[in-house]
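# Architecture and fold: a report
Here's the letter readout for the chains.
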Amino acid sequence: MGKLKLNIALHKIVAESEPLQSRYDVTEKFAFELVKNLSVATKNYSADFEVFFDDGYWSQVNFAIHLKRKLGTVVSIAVISENIGKEGYLSCEDITVLRGGGIKFCSHGASHAALGVYENDIVLRTEKGGQYRNMPRGHAFVLKEEEIRYQLKESKKQLAETDIETERFVYPYGIYSSDITRILKEEGLYSKAYTCDEGLEGLKTPPLAIPRLLVDNTLSVSDWVRKATSTLKQGS
């Protein structure tokens, strides 16, 4: 079976005194307790553990470094390349600090446009053709092949301009399909791609469909730990 790995995805980290504006916002205390407990749980099952921070928010900088220094956690930040330098997001200086702190990086697309759209719980087929152009963040448009290629290629290029070299891609909104993974393979820019599917990463995991546990604030820390521990137990 080989060694298994638990991946989790977090988003915006807020101070205890700040309001939670989204179900994906979590407090510093919540996130730290969760990571600390999952570090113990994964060790108990001889599994590896990695924490992903999606979107590249400014609030992730100090906290990511704190996790690395205090707990020795493997931490990666999935960066929306066009948001670098915008208010509330990572600056080039932040990226330099994070790299110096041992933090890794992944691409999260150029604009965070969804590469696919669900209809009746199925991702629609990707139409061929289209223009090689950017598309806005969100699910408003069904991207065609050339628009998907733009998200993959321009993100890679823009990240390289800030000295981020990565072969890992995190699907915006966790949405992917056989069409989308085919395009990823054809471009050959990324050797791994990450979803929001639940499960563990192992030797037999498809490299372009690696699961991550998407954490939100609808469950308590103890509930998330139980959920992750159950996954580890089933996989062991």
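Scroll up for the structure.
Since this is a predicted model, take the numbers as computed values, not measurements. (Residues numbered from 1 in each chain as written. Predicted model: local features only at pLDDT ≥ 70, side-chain atom pairs only at ≥ 80, totals over all residues. Heavy atoms only, no water.)

### A word on the nonpolar core
Where we set the bar: Residue types Ala, Val, Leu, Ile, Met, Phe, Trp, Tyr and Cys, when buried and joined through side-chain atoms within 4.5 Å, form a set referred to as a nonpolar core. Relative accessible area decides the class of each residue, using a 1.4 Å probe on protein chains only: under 20% of the type maximum gives buried, over 50% gives exposed, and in between gives partly exposed. Here a helix means four or more residues in a row that DSSP labels H or I, a strand means two or more in a row labelled E, and each is numbered from the N terminus. We call two residues in contact when some of their heavy atoms are within 4.5 Å.
Among the nonpolar cores identified, the biggest contains 41 residues, and Ile8, Leu10, Leu34, Phe53, Ile77 and Leu98 are the most heavily contacted of them. Residue assignment for this core shows that the elements contributing at least two residues are strand S1 (5-10), helix H1 (28-44), strand S4 (48-55), helix H2 (60-71), strand S5 (74-79), helix H3 (92-100) and helix H6 (221-235). Among the elements that line this core, the one with the most residues is H1, at seven residues. When residues no more than four places from it in sequence are discounted, the contact partners of Phe53 are Leu10, His11, Ile13, Gln60, Phe63, Ala64, Leu67, Val75, Ser76, Ile77 and Ala78.

### A word on the pairing of S4
Using the following cut-off: Two strands qualify as a pair provided DSSP detects at least 2 bridges between them.
Burial analysis of S4 places seven of its eight residues in the buried class, which makes it a mostly covered element. The pairing of S1 with S4 spans six bridges and is parallel. By the bridge assignment for S4, Ile8 is matched with Val51. With six bridges connecting them, S4 and S5 associate as parallel partners.

### So, the pattern of salt bridges
Heads up, the condition is: Salt bridge, as applied in this entry: a Lys or Arg side-chain nitrogen positioned within 4 Å of an Asp or Glu carboxyl oxygen.
Enumeration according to the criterion identifies 22 salt bridges in this entry. Here Arg168 ties to Glu50 by a salt bridge, and the two come within 3.1 Å at their closest N and O atoms. In this pair, Arg168 is assigned in strand S9 (residues 168-170) and Glu50 in strand S4, connecting sequence segments 118 residues apart. In terms of burial, Arg168 and Glu50 fall into one category: buried. Glu187 is the partner of Arg149 in a salt bridge, and the nearest nitrogen-oxygen pair spans 2.7 Å. Residue Arg149 is located in helix H4 (residues 145-160), and its partner Glu187 is located in helix H5 (residues 178-187); the two are separated by 38 residues in the primary sequence. Judged by its relative accessible area of 11%, Arg149 is buried. Salt bridges linked by common partners bring Lys128, Glu145, Glu146, Arg149, Arg182, Glu186 and Glu187 together as one network.

### As for the side chain of Glu50
Selection rule: Think of a polar contact as two N or O atoms within 3.5 Å of one another; within protein, one of them needs to be a possible hydrogen donor and the other a possible acceptor, and neighboring residues in sequence only count if both atoms come from side chains.
In this structure Glu50 comes out as buried when scored by relative accessible area, which is 2%. Within the structure, Glu50 has its side chain in polar contact with the side chain of Arg168 (distance 3.1 Å). Aside from chain neighbours lying at most four places away, what touches Glu50 is Lys5, Leu6, Asn7, Ile8, Val74, Ser76 and Arg168.

### A word on the pairing of strand S6 (residues 104-107)
The cut-off we apply is this: A clockwise course of the path from the first strand over the helix to the second, judged with the strands pointing away from the viewer, identifies a crossover as right-handed.
Where S5 and S6 come together, four bridges link them in parallel fashion. Opposite Ala78, over in S6, you have Cys106 as the bridge partner. Since S5 and S6 lie parallel, the crossover through H3 that links them has a hand, and here it is right-handed.

### A short note on the layout of surface pockets
One simple way to see leftover space: roll a probe sized like a water molecule over the atoms. The line we're drawing: A cavity here means a set of 1 Å grid points, computed over protein atoms only, where a 1.4 Å probe fits but cannot escape. A pocket is an open set with protein on both sides within 12 Å along at least 5 of 7 lines, and lining residues have an atom within 4 Å of a point. Grid points are joined across faces, edges and corners, and a volume is the space filled by probe spheres set on the points.
In this structure, the largest pocket encloses a volume near 270 Å³. Taken together, 18 residues line the largest pocket, and the ones lying closest to its centre are His11, Tyr24, Asp55, His112 and Tyr173. Of the volumes computed, that of the second largest pocket is approximately 170 Å³. Lys12, Ile13, Val14, Ala15, Glu18, Glu28, Trp58, Ser59, Val61, Asn62 and Phe63 are the residues that line the second largest pocket. Every element with two or more residues in the lining of the second largest pocket is listed here: strand S2 (13-14) and H2. For the lining of the second largest pocket, the element with the highest residue contribution is H2, accounting for three residues.

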